[in-house]
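Secondary and tertiary structure notes
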Amino acid sequence: MEKNEILSRAQAAFLGLAIGDALGATTEFMTPGEIKAKHKVHRKIIGGGWLGLKPGRVTDDTEMSLSIARALVTAGEWDLQGIADNFVTWMRGKPIDIGSTCRKGIREYMRKGTLEVPLNDWDAGNGAVMRMAPVALFTLGDEALLETCSLAQARLTHHHPLSDSACVSVGQMVQQAILGADRFQLHAITRDLVARHPNFRFNKYRGHAGGYVVETMQTVFHYIFTTAEFEECLVGVVNQGGDADTTGAIAGMIAGAFYGLDAIPRKWLRKLDPSVRQEVAEMAVRLVNLSPLMERGRGDSPQEASVELSEKFA
Ligand code: MN
Ligand code: MN
């Protein structure tokens with residue numbers, strides 16, 4: 001895979017996350033029936049939802065991902081404390097939404113300075129998986145590092161075997177998709193996950209799309225493997241309702257990496273909050289430039305790779 005193609009797929013992963021968040025926020029906590037009655041099929045970034053968002057506005061899923069990205073880019077290396085500090089700053093800024101498990105974990109860090117919450121049966125929410133994109137980009141080219149960093153970032157707020165495993169699997173799917181994997185190779189990652197945790201089986205999808213990480217991942221996997229385009233995948237996911245901004249964010253990062261930048265509808269890119277769009281695209285390139293994959297090639301290419309994006313949004 002050519003370097004520019006890798007960078008552009010990395011951008012598509014991070015942009016896909018933000019788009020899924022912005023698109024899905026409209027139908028968060030709705031049932032498929034309520035969505036159908038109100039929107040027929042929800043497929044436009046129009047804001048609203050229970051948070052009353054401006055069109056294109058993102059929520060905690062994207063904001064926490066950016067908190068991670070900024071910490072890593074600022075440090076130029078893995079910096080768990082930097083990530084935790086950015087979570088604190090973000091929470092103090094009164095975010096439009098924050099999950100209860102995330103809030104509890106961040107409070108615990110503020111009180112005790114600990115970088116890992118204790119193992120907890122109630123931590124099987126999707127709040128750690130939704131912020132995996134920057135970790136996958138930063139560790140591109142090193143699967144062992146991906147696993148270490150995934151668990152470390154996850155356990156700042158969530159410490160549960162199902163959350164842990166889902167984080168690693170999503171990170172692997174994003175990385176392998178960026179590096180050119182086909183859908184069979186991506187499916188193999190889900191089979192591996194199901195072999196370890198049969199709860200994640202999704203071959204008989206029952207339409208539950210809540211914040212429990214098992215339901216979230218079943219929804220994401222179902223639509224990743226039953227659709228053939230970025231747009232249809234995300235439309236399917238967010239019309240399932242439930243934790244739609246988060247299923248949208250996770251499906252968006254995988255589908256973005258898999259289908260690439262050109263597959264993301266221009267109308268969605270244009271609607272996305274411009275400052276978020278800009279920062280997410282820039283962070284993706286900077287994270288990949290810090291990754292083992294790029295470090296390895298540094299000798300023969302001293303120039304940092306970059307991708308000109310502006311014409312893509314025109
Ligand atoms: Mn959210
Ligand atoms: Mn959510």
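Refer to the preceding data block for the structure.
What you are looking at is a predicted structure, and each value in this text was computed from that prediction instead of being measured. (Residues numbered from 1 in each chain as written. Chains lettered and ligands numbered in written order. Predicted model: local features only at pLDDT ≥ 70, side-chain atom pairs only at ≥ 80, totals over all residues. Heavy atoms only, no water.)

**Re the overall build of the chain**
Scanning the chain for helices and strands turns up 16 helices and zero strands. Its C-alpha atoms give the chain principal-axis dimensions of about 55 × 45 × 40 Å. Per-residue burial for the chain yields a buried fraction of 60% across its 314 residues. Carbon together with sulfur atoms contributes 51% to the accessible area of the chain, which is approximately 12900 Å² in total. With 34 positive and 37 negative side-chain charges, the chain shows a spacing of 6 Å between the two charge centroids. (Helix = DSSP H or I, 4+ residues; strand = E, 2+ residues; numbered from the N terminus. Buried < 20%, exposed > 50% of the residue type's maximum accessible area, 1.4 Å probe, protein only. Areas by Shrake-Rupley, 256 points an atom, 1.4 Å probe, with all protein chains shown as cover. Lys, Arg positive; Asp, Glu negative; His and termini not counted. Charge placed at Lys NZ, Arg CZ, Asp CG, Glu CD.)

**Some words on the coordination of the manganese ion (ligand 1)**
Protein-derived coordination of the manganese ion (ligand 1) comes from T59 (OG1), D60 (OD), D61 (OD) and D245 (OD), at a distance range of 2.0 to 2.4 Å. The sequence pattern formed by the donor residues of the manganese ion (ligand 1) is T-D-D-x183-D. A spacing of 3.5 Å is found between the manganese ion (ligand 1) and the manganese ion (ligand 2), which share D245 as a donor. Taken together, the residues span a long stretch of sequence, with D61 in helix 3 (residues 60-75) and D245 in helix 12 (residues 244-259) at a distance of 184 residues. In terms of burial, D61 and D245 fall into one category: buried. (Donors = N, O, S within 2.8 Å, 3.2 Å for Na, K, Ca; no water.)

**Observations concerning the packing of helix 11 (residues 230-238) against helix 12**
Viewed as axis vectors pointing N to C, helix 11 and helix 12 meet at an angle of 165°, and their least axial separation amounts to 9 Å. By the angle class used here, helix 11 and helix 12 are roughly antiparallel. Helix 12 is crossed by helix 11, and the crossing has right-handed handedness. Facing helix 11, whose interface residues are F230, C233, L234, V237 and V238, helix 12 presents A244, T247, G248, A251, G252, A255, G256 and Y259. (Axes fitted to C-alpha atoms, helices over the stretch in contact; angles between N-to-C directions. Parallel < 35°, antiparallel > 145°, perpendicular 65-115°, else oblique. Left-handed = near helix turned anticlockwise from the far one by under 90°. Contact = heavy atoms within 4.5 Å.)

**Some words on the packing of aromatic side chains**
The tally for this structure, following the rule as stated, stands at seven aromatic pairs. Both rings, one in W78 and one in F138, keep their centres 6.0 Å apart while their planes meet at 40°; by these two values the pair is tilted. Note that W78 is positioned in the loop between helix 3 and helix 4 (80-92) and F138 in helix 6 (residues 133-138), a separation of 60 residues in sequence. Residues F258 and Y259 carry aromatic rings whose centres are separated by 4.9 Å and whose planes lie at 80° to one another, so their mutual orientation is edge-to-face. (Phe/Tyr/Trp six-rings, centres within 6.5 Å; stacked < 30°, edge-to-face > 60°.)

**Quick word on the environment of G49**
You can see G49 is positioned in the loop between helix 2 (32-39) and helix 3. Residue class for G49 comes out partly exposed when judged on its relative accessible area of 34%. On a C-alpha basis, the gap between G49 and T27 in space is 5.9 Å, while along the polypeptide they are 22 residues apart. Sequence-distant contacts of G49, that is, excluding residues within four places in its chain, are made with A25 and T26.

**Considering the coordination of the manganese ion (ligand 2)**
Protein-derived coordination of the manganese ion (ligand 2) comes from E28 (OE), D243 (OD), D245 (OD) and T246 (OG1), at a distance range of 2.1 to 2.6 Å. All donors to the manganese ion (ligand 2) come from one chain, and their sequence spacing reads E-x214-D-x1-D-T.

**Here we look at the side chain of Q240**
Relative to the assigned elements, Q240 resides in the loop between helix 11 and helix 12. At a separation of 3.2 Å, a polar atom in the side chain of Q240 contacts the main-chain carbonyl oxygen of G207. For Q240, the side chain forms a polar contact with the side chain of Y223, separated by 2.6 Å. In contact with Q240, other than residues within four places in its own chain, are M30, P32, I35, Y205, G207, A209, T219 and Y223. (Polar contact = N/O pair within 3.5 Å; in protein donor to acceptor, adjacent residues only side chain to side chain.)

**Digging into the environment of S163**
Along the chain, the position of S163 falls in helix 8 (residues 161-178). Considering only alpha carbons, one finds S163 and D123, 40 residues apart in sequence, at a separation of 7.5 Å.

**Considering the pattern of salt bridges**
Taken as a whole, this structure holds 12 salt bridges when the rule is applied. A salt bridge links R286 to E282, with the nearest nitrogen and oxygen atoms 3.4 Å apart. In this pair, R286 and E282 are both assigned in helix 14 (residues 274-289), four residues apart and thus about one turn of the helix distant. The class of R286 is partly exposed, set by a relative accessible area of 40%. A relative accessible area of 39% places E282 in the partly exposed class. Overlapping salt bridges bring together R43, E231, E232 and K267 as one network. (Salt bridge = Lys/Arg side-chain N within 4 Å of Asp/Glu carboxyl O.)

**Observations regarding the environment of E2**
Mapped onto the elements, E2 comes out in the segment before helix 1 (3-24). Sequence-wise, E2 and F230 are 228 residues apart; in three dimensions their C-alpha atoms are separated by 22 Å.

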